[in-house]
Amino acid sequence: MANVGMGVIGCGTWGTNHCRTYIQHPYADLIAVCDLDAQRAQETGETFGVDYYTDHSQMLEDDRIDAVAVVTPDFAHADPAVAAAKANKHIICEKPLATTRDDALRVVEAVKANNVQIMVDYHNRWNPPVFKIKEDIEDGKIGKVMSAYVRLNDIIWVATDYISWAAKSSILWFLGSHTVDILCWLFDDKVRRVFSVSRSGVLQAKGIDAVDLYQSTLEFEGGGVAQIENNWIVPNTNPYVNDYKLNIIGEKGMFNMDFSHHQLIQRFLEDKADHPDVLVRPTVQGKPTGLGFESIRDFVDRIYSGEEVKVPLETAAHVTCVILAIMESAQTREPVLVENIPV
Ligand SMILES: NC(=O)c1ccc[n+]([C@@H]2O[C@H](COP(=O)([O-])OP(=O)(O)OC[C@H]3O[C@@H](n4cnc5c(N)ncnc54)[C@H](O)[C@@H]3O)[C@@H](O)[C@H]2O)c1
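To keep things clear, this report deals only with the structure shown in the data block. This structure is a prediction, so every number in the text was calculated from the model and none was measured. Going along each chain's sequence as written, the residues are numbered from 1 onward. pLDDT decides what is reported in this predicted model: residues at 70 or higher carry local features, side-chain atom pairs at 80 or more are listed and counted, and totals for whole chains, interfaces and linings draw on all residues regardless. Only hydrogens and water are set aside; all other atoms, that is, all heavy atoms of the structure, feed into the side-chain values.

1. Regarding the site of the ligand
Here is step 1: Nearness is judged by heavy atoms alone; a residue qualifies as near a molecule or strand once a single heavy atom is within 4 Å of it. Around the ligand, 23 residues are found, and the nearest of them are W14, D35, R40, D74 and H123.
Here is step 2: For the ligand, an oxygen atom lies 2.6 Å from a polar atom in the side chain of D35.
Here is step 3: The contact in question runs from an oxygen atom of the ligand to an N or O atom on the side chain of D74, over 2.6 Å.
Here is step 4: Burial of the ligand by the protein chains amounts to 89% of its free accessible area of 850 Å².
Here is step 5: In terms of residues, the shell around the ligand owes the most to one element, helix 1 (residues 13–24), which gives three residues.
Here is step 6: For the shell around the ligand, a count of residues per class yields ten nonpolar, seven polar and six charged.
Here is step 7: Where a domain begins and ends is set by an automatic assignment or by a domain database. There are two domains that each give the shell around the ligand at least three residues, and those are domain 1 (4–120 + 303–310) and domain 2 (124–277 + 317–337). A 3.5 Å cut-off defines polar contacts: any pair of N or O atoms within that distance qualifies, except that in protein one atom must be a possible hydrogen donor and the other a possible acceptor, and neighbouring residues in sequence count only when both atoms are side-chain atoms. Throughout, the Shrake-Rupley method with a 1.4 Å probe supplies accessible areas, and for residues the shown protein chains are the sole cover considered. Each helix is a run of H or I in the DSSP string that is no shorter than four residues. Each strand is a run of E no shorter than two, and both are numbered from the N terminus. Three classes are used, and their members are as follows: Ala, Val, Leu, Ile, Met, Phe, Trp, Tyr, Cys and Pro are nonpolar, Asp, Glu, Lys and Arg are charged, and the others, Gly among them, are polar.

2. Points about the packing of helix 6 (residues 128–138) against helix 8 (residues 171–187)
Here is step 1: Remark: helix 6 packs on helix 8, axes separated minimally by 9 Å, with the N-to-C direction vectors making an angle of 25°. As the angle between them shows, helix 6 and helix 8 are arranged roughly parallel. Where helix 6 approaches helix 8, its residues V130, F131, I133, K134 and I137 are matched on the opposing element by I182, W185 and L186.
Here is step 2: Classifying every residue of the contact of helix 6 with helix 8 gives seven nonpolar, no polar and one charged. Geometry is summarised by axes, namely lines fitted to C-alpha atoms with helices restricted to the contacting stretch, and by angles between N-to-C directions that run from 0 to 180 degrees. Reported orientations rely on four angle classes, namely roughly parallel under 35 degrees, roughly antiparallel over 145, roughly perpendicular from 65 to 115, and oblique for the rest. Contacts were defined at the residue level, with two residues in contact if any of their heavy atoms lie within 4.5 Å.

3. Considering the nonpolar core
Here is step 1: In this description, a nonpolar core means a group of buried Ala, Val, Leu, Ile, Met, Phe, Trp, Tyr and Cys residues linked to one another through side-chain atoms lying within 4.5 Å. Throughout, exposure labels follow a simple rule: accessible area from a 1.4 Å probe, protein chains only, divided by the maximum for the residue type, with under 20% read as buried, over 50% as exposed, and the rest as partly exposed. Ranked by size, the top nonpolar core spans 113 residues in total, and within it Y22, L97, L183, L218, W232 and I248 carry the most contacts.
Here is step 2: Of all the elements, helix 8 adds the most residues to this core, at twelve residues.
Here is step 3: Looking at this core, you find at least three residues from each of domain 1 (4–120 + 303–310) and domain 2 (124–277 + 317–337).
Here is step 4: Apart from residues no more than four positions distant in its own chain, Y22 is found in contact with M6, V8, A28, L30, A69, I92, I296 and V300.

4. Considerations on the packing of aromatic side chains
Here is step 1: In this analysis, rings of Phe, Tyr and Trp, with Trp reduced to its six-membered ring, are considered paired at centre separations within 6.5 Å, and the interplanar angle assigns stacked below 30 degrees, edge-to-face beyond 60, and tilted for intermediate values. Taken as a whole, this structure holds nine aromatic pairs when the rule is applied.
Here is step 2: With a centroid separation of 5.7 Å and an interplanar angle of 65°, the aromatic rings of Y244 and F259 are classed as edge-to-face. Within this pair, whereas Y244 is found in strand 11 (residues 242–250), its partner F259 is found in the loop between strand 12 (253–258) and strand 13 (267–268), the two being separated by 15 residues in sequence.
Here is step 3: Taking relative accessible area as the criterion, Y244 reaches 3% and is therefore assigned buried.
Here is step 4: The exposure class assigned to F259 is buried, which follows from its relative accessible area of 5%.
Here is step 5: Of the aromatic side chains, those joined through ring pairs into one cluster are F75, W165, F174 and W232.
Here is step 6: The criterion is that NZ of a Lys, or CZ of an Arg, lies within 6 Å of the ring centre and within 35 degrees of the ring normal, and then a charge sits over that ring. One cation-aromatic arrangement involves K95 over F174; the distance from NZ or CZ to the ring centre is 3.8 Å.

5. A few points about unusual backbone geometry
Here is step 1: With an omega dihedral of -5°, the bond running from K95 to P96 counts as a cis peptide bond.
Here is step 2: One can find P96 in the loop between strand 5 (90–93) and helix 5 (101–114).
Here is step 3: The phi torsion at R333 lies on the positive side, around 60°, for a residue other than glycine.
Here is step 4: On the secondary structure map, R333 appears in the loop between helix 11 (313–332) and strand 17 (336–337).

6. What to know about the side chain of D136
Here is step 1: Mapped onto the secondary structure, D136 falls in helix 6.
Here is step 2: Of the residues examined, D136 reaches a relative accessible area of 9% and is grouped as buried.
Here is step 3: Excluding residues within four positions of it along the chain, D136 makes contact with K141 and F255.

7. Describing the sheet that holds strand 6 (residues 118–120)
Here is step 1: If DSSP finds at least two bridges between two strands, the strands pair. Taken in spatial order, the six strands line up as 3-2-1-4-5-6 in an open sheet, and their pairing is parallel. Strand pairing shows two members of the sheet lacking a second neighbour, strand 3 (51–53) and strand 6, which therefore form its edges. Recorded for the sheet is a direction-independent mean angle of 20° between the axes of neighbouring strands.

By themselves, these observations are geometric and do not establish any function.
This is the structure we're talking about:
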């Protein structure tokens, strides 16, 4: 079988991680990269020894490219994804699928019309403890899932320094989308109704026009209830970028997960003590490893072997609709029914 020719659209922090994954994957050939920023496109192309473009339409004309990674900012996924689908390329799209209903609909229609595969990179489905919980739930170990609490927050550095476009996204798109996807997966259900309360001020005082936090209640169609917390204002002294805790209660059992200071390694240096990342994206023996890369590798594996990719488009579109409902609820201070788009 021929290797999967990959193109990467968006050569920022995470786009570079995609490139690193394709370069070392035995079934992938990185063919080209694209970034609106000409210097970034050139530097990335030269680093990985591949063609580079500033216009994704031109890159998509290359017949050697079978699939593309869309790794543009959260609000800029739809145009490259639609163009890729129309060019008959499979797609791995960074989360979320889209940040508006119209954009989500455009992507869904283009993917279906052109019969290509798309996988939104909800990589918690490759996160070992979350996967273990899913496996046990499917084995019936805790019976019907009744209730959940997920706290998935970022240290404030992510909004102030890591991404330049925080004000054009939100903690809901950046991490809340992962939270909703995890819950839909674990409950094996869709969210019917949400109620959310938000607070602002800390980020605005730092010149970033973004909401600080959302506390949201999700009611699932099958009766389950979840409380989720997403904030972008955890102090930078938190030992990990994410502050991530999860509790799931079923009819006859419960899981607790704390991923935010996993204690696998404690490092004490002259000037600081910390917990270096060994689970999300460590480099081991020169290769990118960890759950942040496993999802990307899995996409290549499945496109290579002709299998269906994980993370159904229907769920990814639903996640976008749930986040839109949460934002509406936080604004109106009323419960909001989730309005799904047809997939
Ligand atoms: N799966 C994960 O764990 C994970 C982690 C970090 C970021 N992400 C996601 O990856 C995406 C990118 O994040 P990032 O941190 O790399 O952002 P970034 O700002 O570092 O990079 C984005 C790049 O996209 C380029 N760009 C924007 N529009 C473009 C277009 N139309 N065509 C070509 N290039 C374009 C920008 O010039 C920039 O270089 C976001 O959706 C983010 O949520 C996912």
